[in-house]
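Structural characterization, general
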Amino acid sequence: MTSTFDDPTLLAVLANRFEAIGREMTNTLLRTARSAVIGSARDFSCSIVTGDDRLLASAAGLPVHVFGSHLQTRSMNELHHDLAPGDAYLHNDPYMGNTHHADHSILVPVFVGDEHLFTAVAKAHQADIGNSQPTTYMPFARDIYEEGALSFPCVRIQRDRQDIAEVIRTARRRIRVPDVWYGDYLAALGAARIAERQLTALVKRYGIDTIRGFIEAWFDYSEARMRDGIRDRLPSGNYTGHATHDPIPVAPEGIAIQVQISVDATAGRILIDLRDNPDCVPAGLNQSEATAVNNVVTGLFNVLPSDIPHNSGSFRCLEVLLRENCVVGIPRHPTCCSMATTNIADRLVNATQAAFASTPGVGLAHGGAAMGADAAVISGTDPRHNDAAFVNQIVLCNNGGGAGPDTDGWLTLALPVTGGLLHRDSVEVLEQKYPIHIDEIRVQTDGGGAGRRRGAPPAVVTYGPRGTQLTTAFAGDGGVNPAQGVRGGRPGVHATTTLVGRGEDLQMATMGIEVLQDGERLRARGCGGGGYGDPAEREIDLVLDDVRERWISIQAARDTYRVVVTGTADQETLSVDQQATAILRQHTG
Amino acid sequence: MRLPMVEITSFEDVTTIVEAFSAEHERLFAVRDDQSAVEFLVWRLQLRAPRPDPGNDPNRAGPAPHAGTATGHPHHPHPSERRTAVFDGRPRETDIFDGATLRPGARISGPAIIEEPTTTVVVPAAASVTVLPSGNYQMEISR
C-alpha cells in the first residue's frame, strides 16, 4: 500500500506518541502491580495493535512477549462479534496466540465512534495461575491437564467497564493468592484503559484521517528500515543455527533444535524454517506459536541495527515456517506449553543469533540460558503476617550475555528471551515481601566464555527461608549444555544448583521442587555467555584489565588467553610479562 | 498521590480519605479496587508558608549585620581561608568563602572561590559576585 502521508516531522511525532502511550501503560503496571514478579521484575509487556490486527507499537516490552499480541487480537475479533466500547478480554491461551498460560493478557478494544481502531494489550506473568503445583512453570507436565492452569481462551472479563463477576469468581477460586491476582489483573486492566484514554485523545487531537495515514506510513517506513538493515548487515545465503536443551526424562538425549535461515539481501527478505525439528514432547517445554516465531525474531533483531521499529511493518520482510505438533512450532491441544517463554525459547534465540556468525563480523554467541533456582517460584506461609500464604517468582538470576563481534557480552542479560529488559528484584524489597534471606549475589570469575570478545559471567545467588520453611520450584536449563561460543570462542560455564545446610553440600539437578527448612540454603549459579573469536587473539591490555577487575583469573589469562600476568591484585602489582606472553602466543594453535 | 487535608477524628473521615485515594488512583491509573483495604505506608506532607526574610534566615550562620532588612547592606565578607588556586594558567593565593555564611549584600571580587555543600562557584579574576536578598549569587563580569 502506498501511503500519502508526506509530513516526516509529524510521522516522527506520532510514532513517538504511540511509544509514549506504551510507556504510560508500562508505568501504570509497574506502579500498581501487587506481585514482585510484575511490580519489581517487570515480567510484563504492553503493546498497541491496530483494529485489523497489526502490531503497531511495542514500547520496549520483553522480546519474548511482543510478537503475538496481534494473534491474540485476531482471536478476539474472530470469537467476539459483539465487541463494544467498555469491553475487556482476558486471554492466556497458547493455542490462540498467547505465549503461555502464566501470561495473563488483558485486551481492550479502543473505539473511535463506531470504529474499532486499536486494541490495547497488557500482558503480565502472574504470581500464580492455579497450576497443580505452586509454580507457574511445569516442565514435566505431560499435558495441560497435568499442568492444571486455568484457561481463559479470550474470555470477556469486562462489559461496560464493569467486571463480569463469574469470571473473576472462577479465577479467584483456583488461584492460590486471589487478592494478589486480582490486584495484578487491575494493574493490567488499568494499563490498557490508560492506553484507551490516551489513544482516544490522540485521535481527537489529530483527526482520524491523519492517524489512519500515519499508521500506513509508519508501517511502510518500518518495512523500509528493515530492508535496509538486512541489506547492510547480512550477506545473502543460507545459515543454520543449532542449540540443545538439557536432557529431561522424556527426552534423555536432550532436545536439539535447529534454525534454518535463508537471506535474500537484495530483496531485503528473510525466510526462517523451523519445520525440521522434533515433534512436541509430552512435557511443558513446547513452544507456542507466538513464542516459536517470537524467539527467532528476537535472535534476528539482535544482529540487526537496534533502532529498527519492531512492528508488523518490519515483520513484512520476514517469513517463519512452522509445522503443527513441532516442539518449536504450532502445538495441538492439549500439548503443554507451560515453559514456552524460557528454556527452549532461550535456545531458539541463541541458535538464531549464532547462525549468522558463520560470516565473520556478524552474529552473536549464545547467551546464558538457565532460569534456575535463582529464579524459582517460592511459596509458603509468612509467620510475620499471621501465616498468610504467598507464592511468587523471584528474579535474582543472572545469566551472562553472549559476546558479539565488537563487544563483550552484556552482564545483566538475565535470559536471552528478555534481552536485558527484565529488572532484577531488589534484595531488600524481596526480603520485606517474603520471609526469605538472600545471603549473596556475586559475579563468577571465569564464568564467561573466553574469546577475542568475552562472554559475560553469570551470578551466584544464595538464599533460603527465614523463620519458616520454603517451597522452591525451579526449571532451569544449562546444567549440561552451556552457552556456546562462536568463531573459536569458548562456551560459558554451565549452571549449578547446590543445597547447603543439609549435611554435606548436595549438587542437585537444575530442575526440581525442594522444600527448604529454616537454615537451609539454595546456591544457584547461572550460565555464562559464549565468547566470540579466538581468546588468544584478545588484546593483551584487555586481558590485563579483565584480570585486574577479576572477570578472569591469572590462570585463565595464561591457559586460555595466552597472556602471562604477574604480580597480585591485592598489592596492585599486576602487569603483563610481555616476553613470556609473546613466546606463549607464538606457540598457540 | 495527592490527597486532600482531612483531620481524621471519625470513621466518616476515614471513609472520606479512602474515597479520595480511590478517586485519585482511578484518575492516575484508570482502575480502583473498593474491595481491598487501603494501607498507607508513607505519608508526605506539603506545607506552604510565606518565605522568611532572607536577611534573617536562621539557616545562614553568623550574626546578621542588618537583621530584619531584606536587602542587606553592601559589605565585603572575610574569607574563611586562603589557598593556592590556578587562575589564567598561573597559581595564586585565592580567597575561599564558605557560602553558607554569606549574607545578602555581600560582595566578593575575583579571583575567589565560594564553597557550597553541593557545588563550588569559581569567581574569575575579572568578575565579582553579589549575594542577592533571595540568597542567589549574581556574578558580574567586568571585562
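Scroll up to find the structure.
Residues numbered from 1 in each chain as written. Chains lettered and ligands numbered in written order. Predicted model: local features only at pLDDT ≥ 70, side-chain atom pairs only at ≥ 80, totals over all residues. Heavy atoms only, no water.

1. So, the overall build of chain B
- Scanning chain B from N- to C-terminus turns up 1 helix and 7 strands.
- Starting at the N terminus and ending at the C terminus, chain B contains elements arranged as α-β-β-β-β-β-β-β.
- Relative to its 143 residues, chain B shows a buried fraction of 29%.
- Expressed as a percentage of contacts within chain B between residues at least 6 apart in sequence, the contacts between residues at least 24 apart total 34%.
- When the accessible surface of chain B is summed, it comes to about 10,000 Å², and 54% of that surface belongs to carbon and sulfur atoms. (Helix = DSSP H or I, 4+ residues; strand = E, 2+ residues; numbered from the N terminus. Buried < 20%, exposed > 50% of the residue type's maximum accessible area, 1.4 Å probe, protein only. Contact = heavy atoms within 4.5 Å. Areas by Shrake-Rupley, 256 points an atom, 1.4 Å probe, with all protein chains shown as cover.)

2. Concerning the environment of threonine 120 of chain B
Residues and elements named next belong to chain B.
- The topology assignment puts threonine 120 in strand S5 (residues 120-123).
- With relative accessibility at 48%, the residue threonine 120 sits in the partly exposed group.
- Those residues in contact with threonine 120 that lie beyond four places of it in its chain are Ile113 and Ile114.

3. Quick notes on the packing of aromatic side chains
Residues and elements named next belong to chain A.
- Tallied over the entire structure, the rule returns 14 aromatic pairs over all chains.
- Taken together, a centroid distance of 6.2 Å and an interplanar angle of 55° make the contact between tryptophan 181 and tyrosine 182 tilted.
- Residue classification places tyrosine 182 among the buried positions, given a relative accessible area of 13%.
- Through pairs of rings, three or more aromatic residues link up here, namely Phe5, Phe18, Phe118, Phe214, Trp218 and Tyr221.
- Above the face of the phenylalanine 44 ring, arginine 42 is positioned so that its terminal group lies 5.5 Å from the ring centre. (Phe/Tyr/Trp six-rings, centres within 6.5 Å; stacked < 30°, edge-to-face > 60°. Lys NZ or Arg CZ within 6 Å of the ring centre and 35° of its normal.)

4. A short note on the sheet that holds strand S3 (residues 107-109) of chain B
Residues and elements named next belong to chain B.
- The sheet built from 3 strands is open, its strands ordered S3-S6-S7 with antiparallel pairing. If you trace the sheet from one side to the other, it starts and ends with S3 and strand S7 (137-141), each paired once. Neighbour to neighbour, the strand axes of the sheet diverge by 20° on average, direction disregarded.
- Bridging between S3 and strand S6 (residues 127-131) involves 3 bridges; their strand directions are antiparallel. Looking across to S6, one finds that arginine 107 is bridged to threonine 130. (Pairing = 2+ DSSP bridges. Axes fitted to C-alpha atoms, helices over the stretch in contact; angles between N-to-C directions.)

5. Looking at the pairing of strand S5 (residues 115-125) of chain A
All names here are of chain A.
- The element S5 is extensively covered by neighbouring structure, given that 10 of its 11 residues are classed as buried.
- Both strand S1 (residues 44-50) and S5 contribute to a ladder of 7 bridges, which runs antiparallel. By the bridge assignment for S5, cysteine 46 is matched with alanine 122.
- Bridge count for strand S4 (residues 103-112) against S5 is 10 bridges, and the pairing is antiparallel. Of the residues in S5, the one forming a bridge with valine 110 is phenylalanine 118.
- Linking S4 back to S5 in an antiparallel pair, the connection comprises 2 residues, with glycine 113 at a positive phi of about 65°.

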